[in-house]
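Single-letter residue listing:
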Amino acid sequence: DQQVKQNSPSLSVQEGRISILNCDYTNSMFDYFLWYKKYPAEGPTFLISISSIKDKNEDGRFTVFLNKSAKHLSLHIVPSQPGDSAVYFCAARSFSGSARQLTFGSGTQLTVLP
Amino acid sequence: NAGVTQTPKFRVLKTGQSMTLLCAQDMNHEYMYWYRQDPGMGLRLIHYSVGEGTTAKGEVPDGYNVSRLKKQNFLLGLESAAPSQTSVYFCASRTSGTGETQYFGPGTRLLVL
């Protein structure tokens, strides 16, 4: 049973428009959320994060929104650029004993069309 | 700094063969992780380590063993490879501080025939 779900395997957006990537989670114990970006043949790289005590975090063109009551977070990219084409993973933090772990979603392939 | 490196980049094994994947990091990070990525499944945690000499099981540990003899290295072993272990394996590391950011290696693509 996936605790972190990204229900859209792919998304295509025109350059300059907004990209919205969605992520749902089921575990109410998750208290910190991250987005990672992955290009082909490379490892994921950290993009942006948000604590569960906030509902929004912004970094340049990237904004993450968190709706705790709906157990939903989204990543907005404005404006989208062709270089943003990549797979985006959302991840959520939980604790196992004294160790912190991340649970990842299955990813969304974003394609930004020129 | 090289960050997180993984060796090898690609390997083909026959069922029943064994191999070891090496992860090395030069950031003096305490925590290290091994994940596997399969289509439609995201990244799933295999094993992790919170410090030199310590290891723990993650979500999908069966069929794998790990060792952390040196702080900078985290080894993932497959004693008897199975086709179900065909996957892309990623190593990651992070500081023991409050930050959650994990830094990933470029991955090892493993094909088990």
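Residues numbered from 1 in each chain as written. Chains lettered and ligands numbered in written order. Predicted model: local features only at pLDDT ≥ 70, side-chain atom pairs only at ≥ 80, totals over all residues. Heavy atoms only, no water.

(A) Examining the interface of chain A and chain B more closely. Across the boundary between the two partners, chain A contributes 20 residues, which contact 21 residues of chain B. Viewed at the interface, chain B and chain A are joined by zero salt bridges. The interface formed by chain A and chain B contains two residue pairs in polar contact (both at pLDDT 80 or more). The set of elements that each furnish at least two residues to the side of chain A that touches chain B consists of β4 (32–38), β9 (86–96) and β10 (99–104) of chain A. In terms of residue count, the dominant contributor to the side of chain A that touches chain B is β10 of chain A (five residues). Here the residues of the side of chain A that touches chain B sort into ten nonpolar, six polar and four charged. (Contact = heavy atoms within 4.5 Å. Salt bridge = Lys/Arg side-chain N within 4 Å of Asp/Glu carboxyl O. Polar contact = N/O pair within 3.5 Å; in protein donor to acceptor, adjacent residues only side chain to side chain. Helix = DSSP H or I, 4+ residues; strand = E, 2+ residues; numbered from the N terminus. Nonpolar A, V, L, I, M, F, W, Y, C, P; charged D, E, K, R; others polar.)

(B) Summary view of the packing of aromatic side chains. Under the counting rule described, the total for this entry stands at twelve aromatic pairs over all chains. Seen in terms of ring centroids, Tyr25 of chain A and Phe33 of chain A are 4.7 Å apart; in terms of plane orientation they differ by 40°. Their pairing is tilted. For the pair formed by Tyr25 of chain A and Phe33 of chain A, the shared burial category is buried. Measuring from ring centre to ring centre gives 5.6 Å for Tyr35 of chain B and Phe104 of chain B, while their planes differ by 40°; the resulting arrangement is tilted. Placement of Tyr35 of chain B in strand β4 (residues 31–38) and of Phe104 of chain B in strand β10 (residues 103–104) is noted, with a sequence separation of 69 residues between them. (Phe/Tyr/Trp six-rings, centres within 6.5 Å; stacked < 30°, edge-to-face > 60°. Buried < 20%, exposed > 50% of the residue type's maximum accessible area, 1.4 Å probe, protein only.)

Limitation: the analysis is restricted to geometry and does not speak to function.
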